[in-house]
Amino acid sequence: MNLNLSASTQSLLYFLGMFFGTIILAAIVSRSFKRLRKKPIIQDHNPTNYLFLRHLSVGLIYTVGFGLALFQLPQFKTLAGSLLTGAGIIAVAMGFASQHALSNIVGGIFIVIFKPFKVNDRLTIGTRAGVVEDITLRHTVIRDFENRRIIIPNSVISNEVIVNADFTDGKICKWIELSISYESDIDLAKQIIAEEILAHPLIIDNRNPEQIEANAPIVPVRLTLLGDSGVNLRAWAWVKDNADAFALSCDVLESIKKRFDQSGIEIPYPHRTIVQKVAKHES
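The sections below set out a description of the structure shown in this document. (Residues numbered from 1 in each chain as written. Predicted model: local features only at pLDDT ≥ 70, side-chain atom pairs only at ≥ 80, totals over all residues. Heavy atoms only, no water.)

### Notes on the overall build of the chain
Of the regular secondary structure elements, the chain holds 10 helices and 8 strands. Relative to its full complement of 283 residues, the chain shows a buried share of 31%. Counting only carbon and sulfur atoms, one obtains 61% of the accessible surface of the chain, whose full area is about 19,000 Å². (Helix = DSSP H or I, 4+ residues; strand = E, 2+ residues; numbered from the N terminus. Buried < 20%, exposed > 50% of the residue type's maximum accessible area, 1.4 Å probe, protein only. Areas by Shrake-Rupley, 256 points an atom, 1.4 Å probe, with all protein chains shown as cover.)

Structural data, given as structure tokens:
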């Protein structure tokens, strides 16, 4: 049986082998990183580096594998040889074409190296807010609080002002602000606000040793403004993260309102005095 194959047939078989082998190898590497991330020792640490390394490894495998496969085709070799004379022009054209792609890759690398944020951090970027879900070679995926995904190119996000609720310290100081009428008892209102916040299970004591020794309140409540319609009061409540801050704020606003109603403390609404002038007509 003659097993001698022509050069073109050998090249085609090599191309097919490299093509499908690249796809299989990329899938194996991607699955291996996914299994590695599920290990408890990895879940307890920052998963950002593992996710980005997975994307980088898979990208390199596809680039090298498909490149080697294509260069085994005789037609591609002939085409490449004929284009050598215009290599400079092609390089410039490819540089312009890949400028945005390269800037996104560089932006992703800078994010991983300098760590302005990481996976699972809660970010606010302009009017968008959510939790970082993934950082790829091209873009960053943010899951907003309605479970929608926001896809932002790395080159764009690198130039934005980012508010990171989890950078170095995840604790949040939540302002609880209310207004009472001028006729209401200010001291009683401040006492009710402090008591309701202290009774909430999510509140934490963020006082330093000096403040504890000086018997500083866990929840300070102060008068901040004498407004047009009422007196503005503000309480400072510390919680462990942004999610707890939202939950505490909703709960204590409701409980404070109920206590105010029971104690006769009025939450004012704007008052307007209308003066109507009647024109006098000569008879």
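### Notes on the packing of aromatic side chains
Scanning the entire structure with this criterion turns up 1 aromatic pair. Centroid distance W175 to W236: 6.5 Å. Interplanar angle 70°. Geometry classified as edge-to-face. Residue W175 is found in strand 6 (residues 172-180), and its partner W236 is found in strand 8 (residues 231-239); the two are separated by 61 residues along the sequence. Against the face of W236 rests R222, its NZ or CZ located 5.6 Å from the ring centre. Between the NZ or CZ atom of R234 and the centre of the ring of W175, over which it lies, the distance is 3.7 Å. (Phe/Tyr/Trp six-rings, centres within 6.5 Å; stacked < 30°, edge-to-face > 60°. Lys NZ or Arg CZ within 6 Å of the ring centre and 35° of its normal.)

### Quick notes on a nonpolar patch on the surface
Residues L13, L16, F19, F20, I23, I24, I28 and Y62 make up a contiguous nonpolar surface patch of about 690 Å² in total accessible area. The element contributing the most residues to the nonpolar patch is helix 1 (residues 7-38), with 7 residues. Mapped onto the fold, F19 is located in helix 1. What makes F19 partly exposed here is its relative accessible area of 30%. (Patch = residues over 30% accessible without salt bridge, like charges linked within 9 Å, V, L, I, M, F, W, Y side chains within 5 Å. Salt bridge = Lys/Arg side-chain N within 4 Å of Asp/Glu carboxyl O.)

### Thoughts on the sheet that holds strand 6
One open sheet holds the 3 strands; their spatial order is 6-8-7, and the pairing between them is antiparallel. The sheet is open, and its two edges are formed by strand 6 and strand 7 (221-226), each paired on a single side. Put simply, the sheet's adjacent strands are angled 30° from each other on average, direction ignored. Alignment of strand 6 against strand 8, held across 9 bridges, turns out to be antiparallel. Looking at strand 8, one finds that E177 is bridged to R234. Of the strands in this sheet, strand 6, strand 7 and strand 8 are in contact with helix 8 (residues 186-198), which crosses strand 8 at around 20°. Each of strand 6 and strand 8 is contacted by helix 10 (residues 242-263), which is oriented at about 25° to strand 6, the strand it contacts most. (Pairing = 2+ DSSP bridges. Axes fitted to C-alpha atoms, helices over the stretch in contact; angles between N-to-C directions. Contact = heavy atoms within 4.5 Å.)

### A look at the pattern of salt bridges
Scanning the model with the defined rule gives 12 salt bridges in all. One salt bridge in this structure joins R149 and E133, with 2.8 Å as the shortest N-O distance. On the criterion of sequence distance, the pair formed by R149 in strand 4 (residues 149-153) and E133 in strand 2 (residues 128-135) is long-range, its members being 16 residues apart. Overall, the relative accessible area of 41% leaves R149 in the partly exposed class. With its nearest N and O atoms 3.0 Å apart, the salt bridge here joins D144 to R148. Salt bridges sharing partners connect three or more residues here, namely E133, R143 and R149.

### Examining the side chain of D121
Tracing the sequence through the fold places D121 in the loop between helix 6 (99-114) and strand 1 (122-125). In this structure D121 comes out as buried when scored by relative accessible area, which is 4%. Side-chain polar atoms of D121 contact the side chain of N164, separated by 3.0 Å. Here D121 is in contact with G130, V131, V132, N164 and D166, once residues within four sequence places are set aside. (Polar contact = N/O pair within 3.5 Å; in protein donor to acceptor, adjacent residues only side chain to side chain.)

### Observations concerning the packing of helix 8 against helix 10
The interhelical angle for the contact between helix 8 and helix 10, taken along N-to-C directions, is 140°, at an axis separation of 9 Å. Crossing hand, helix 8 versus helix 10: right-handed. Contacts between helix 8 and helix 10 pair L188, A189, I192, I193, E195, E196 and I197 from the former with V252, S255, I256, R259, F260 and S263 from the latter. Of the residues in the contact of helix 8 with helix 10, the class split is 8 nonpolar, 2 polar and 3 charged. (Left-handed = near helix turned anticlockwise from the far one by under 90°. Nonpolar A, V, L, I, M, F, W, Y, C, P; charged D, E, K, R; others polar.)

### Section: the nonpolar core
Ranked by size, the top nonpolar core spans 24 residues in total, and within it I176, I193, I197 and F260 carry the most contacts. Listing elements by their share of this core, those giving two or more residues are strand 6, helix 8, strand 8 and helix 10. Residues I111, F117, I125 and I157 belong to the second largest nonpolar core, which totals 10 residues. (Core = buried A, V, L, I, M, F, W, Y, C linked by side-chain atoms within 4.5 Å.)

### Brief notes about helix 8
Two residues of an α-helix separated by three or four positions point the same way, owing to the 3.6 residues in each turn. Over its 13 residues, helix 8 runs 18 Å from end to end, which matches the ideal 18 Å to within 8%, given 1.5 Å per residue. Against the buried residues of helix 8 lie strand 6, strand 7, strand 8 and helix 10. Two or three places before D187, at the start of helix 8, stands the capping residue D185, its side-chain oxygen 3.1 Å from that residue's backbone nitrogen. (Expected span 1.5 Å × (residues − 1).)

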